[in-house]
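# A structural walkthrough
As a plain string of letters, each chain reads:
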Amino acid sequence: MIPHIDQLLTEIEQYTAQNKEQLEQFKSQYTGKKGVLQDLLDQIKNIPAEQRKEYGQQVNKIKEAAQEKLKALTEQLENLQAANVNKPHDLTLPVIPDGLGALHPLTQTTRRVIQIFERMGFNISDGPEIEDDWHNFTALNFPLNHPARDMQDTFFISKGSDNDMALRTHTSSVQVRVMEKMQPPMRTVSIGRVYRNEAISVRAHCLFHQVEGFYVAKNVSFKDLKDTLYHFVRELFGNETKIRFRPSFFPFTEPSAEMDISCHICGGKGCNVCKHSGWVEIGGCGMIDPNVMKNCNIDPEEYTGFAFGMGIERITMLRNQIKDIRLFTENDVRFLKQFS
Ligand code: PHE
């Protein structure tokens, strides 16, 4: 009677709607004023009288199927909407913390160190981490083949030619670079990474940071060096911090000294960090050797200068009571979070 009745029923049966538009689409296609159902009803007048009963039954079947489907689709869509609406308002869901970062403790120390020296009239200078033999050793009065070159466990990049290239073992190389370019008076600090081929342990690392400072002018004396470092240490660690100088040797300074401060962790009473001595070394210093000045075309008869170099990690470990140097490079957020 209705030739495609089975196909029509399957179509209705299989219809799915993910959203309102698709539901509307179903309505207009089947149950709406211009839909299939209305069309079939309109045709009833063309059907011969004796077949009308059967035709009517078939139309009814389609009508029922369409209405049932419409009801199911509407319900489904309502449920879906209800679920979506509830989601953003579920107050029982755990909060996603809005994690604010913090400056790395080494950066914090670096900034503070720069601030203190800037107030004393030092400016900031910089140099490359990959350095040639001249700036890292020769100009700094390290004699050729002198064991002092091994003292620093250098990572060489290319060796054997006239000009070895290496990862700088100290920031003293920046001293040379600045002195080569400028004439006294000059007063500058330089902070950056240095590299030494050392076994990594609680106290030592193959990669660390130094702050280098120097002052060259007329009549600069060892007293100026001491005054500068006294002031620096008190500013950074507090007024009660004690400082002492021990005679030492560096090829590029004469006389040379190593400086210790009273252990910040035990207050000088003795602990693991200060190896029960009450003192911890923070760096080396001395009066710039006349040979270094000559190598940089500065007249040592006219000018004198002092230089010092300190470990940023060491200073930070003392400032923040950190007992293991390896923590700085591990990037463990549980460690880093403590410095926000
Ligand atoms: N460059 C030395 C070191 O790395 C430190 C230092 C710097 C000593 C300047 C004296 C003067 O150990």
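The notes below deal with the structure included here.

With that out of the way, let us pick up the packing of aromatic side chains. Under the criterion given, the structure shown has 15 aromatic pairs. Consider the rings of Phe117 and Phe308, whose centres lie 5.2 Å apart with planes at 20 degrees: the pair is stacked. With Phe117 in helix H5 (residues 105-119) and Phe308 in strand E10 (residues 304-311), the pair connects residues that are 191 residues apart, well separated along the chain. Aromatic pair Tyr215 and Phe306: ring centres 5.7 Å apart, planes at 75 degrees, arrangement edge-to-face. You can see Tyr215 sitting in strand E6 (residues 207-217) and its partner Phe306 sitting in strand E10, a full 91 residues away along the chain.

Attention now goes to the layout of surface pockets. What the largest pocket holds in volume is close to 730 Å³. Arg196, Phe208, Gln210, Glu281 and Gly283 are, among the 34 residues lining the largest pocket, the residues nearest its centre. Of all the elements in the fold, those that place two or more residues in the lining of the largest pocket are E6, strand E7 (243-250), strand E8 (253-262), strand E9 (279-288), E10 and helix H11 (312-320). Of the residues belonging to the lining of the largest pocket, the class tally is 13 nonpolar, 13 polar and eight charged.

Every buried residue of helix H1 (residues 5-14) is accounted for by Ile5, Leu8, Leu9 and Ile12. Projected onto a plane normal to the axis of H1, the buried residues spread over an arc of 100 degrees and lie on a single side. Of the residues in H1, the exposed ones pointing more than 90 degrees away from the buried face are Asp6, Gln7 and Gln14.

On to the pairing of E8. Of all the 10 residues making up E8, eight are buried; the element is thus mostly covered by neighbouring parts of the structure. Relative to E8, E7 runs antiparallel, the two sharing seven bridges. If you follow Phe250 over to E8, its bridge partner there is Thr253. Hairpin geometry of E7 and E8 is characterised by an intervening segment of two residues between the two adjacent antiparallel strands. Note that E8 and E9 share eight bridges and pair antiparallel. Paired with Ile261 across the two strands is Val280, which belongs to E9.

Turning next to empty space enclosed by the protein. In total, this model carries two cavities of 30 Å³ or more according to the counting rule given. Approximately 40 Å³ is the volume found for the largest cavity. Across the lining of the largest cavity, the residue classes tally to four nonpolar, five polar and one charged. In this structure, the second largest cavity is lined by Glu131, Asp132, Asp133, Asn136, Phe137, Phe156, Asp164, Met165 and Ala166. Elements supplying a minimum of two residues to the lining of the second largest cavity: strand E2 (130-132), helix H6 (133-136) and strand E4 (165-167). Taken together, the residues of the lining of the second largest cavity break down into four nonpolar, one polar and four charged.

Turning our attention to the environment of Asn219. Looking at where Asn219 falls in the secondary structure, it is placed in the loop between E6 and helix H9 (222-237). Between the alpha carbons of Asn219 and Asp39 there is a distance of 111 Å; along the sequence they are 180 residues apart.

This next bit is on the pattern of salt bridges. This model, assessed by the stated rule, comprises 12 salt bridges. Between Lys27 and Glu24 there is a salt bridge; the shortest N-O distance is 3.6 Å. On the criterion of helical spacing, the pair formed by Lys27 and Glu24 is a turn pair, its members being three residues apart in helix H2 (residues 20-31). Note that Arg119 is salt-bridged to Glu235, the shortest N-O span being 3.9 Å. Taken together, the residues Arg119 in helix H5 and Glu235 in helix H9 connect sequence positions 116 residues apart. What makes Arg119 exposed here is its relative accessible area of 60%. Put simply, Arg244, Arg246, Glu258, Asp260 and Glu281 are held in one network by salt bridges that share partners.

Calculation notes
- Residues numbered from 1 in each chain as written.
- Predicted model: local features only at pLDDT ≥ 70, side-chain atom pairs only at ≥ 80, totals over all residues.
- Heavy atoms only, no water.
- Phe/Tyr/Trp six-rings, centres within 6.5 Å; stacked < 30°, edge-to-face > 60°.
- Helix = DSSP H or I, 4+ residues; strand = E, 2+ residues; numbered from the N terminus.
- 1 Å grid on protein atoms, 1.4 Å probe; cavity = no way out; pocket = protein on both sides within 12 Å on 5 of 7 lines; lining within 4 Å.
- Points joined across faces, edges and corners; volume = space filled by probe spheres on them.
- Nonpolar A, V, L, I, M, F, W, Y, C, P; charged D, E, K, R; others polar.
- Buried < 20%, exposed > 50% of the residue type's maximum accessible area, 1.4 Å probe, protein only.
- Arc of directions from axis to C-beta.
- Pairing = 2+ DSSP bridges.
- Salt bridge = Lys/Arg side-chain N within 4 Å of Asp/Glu carboxyl O.

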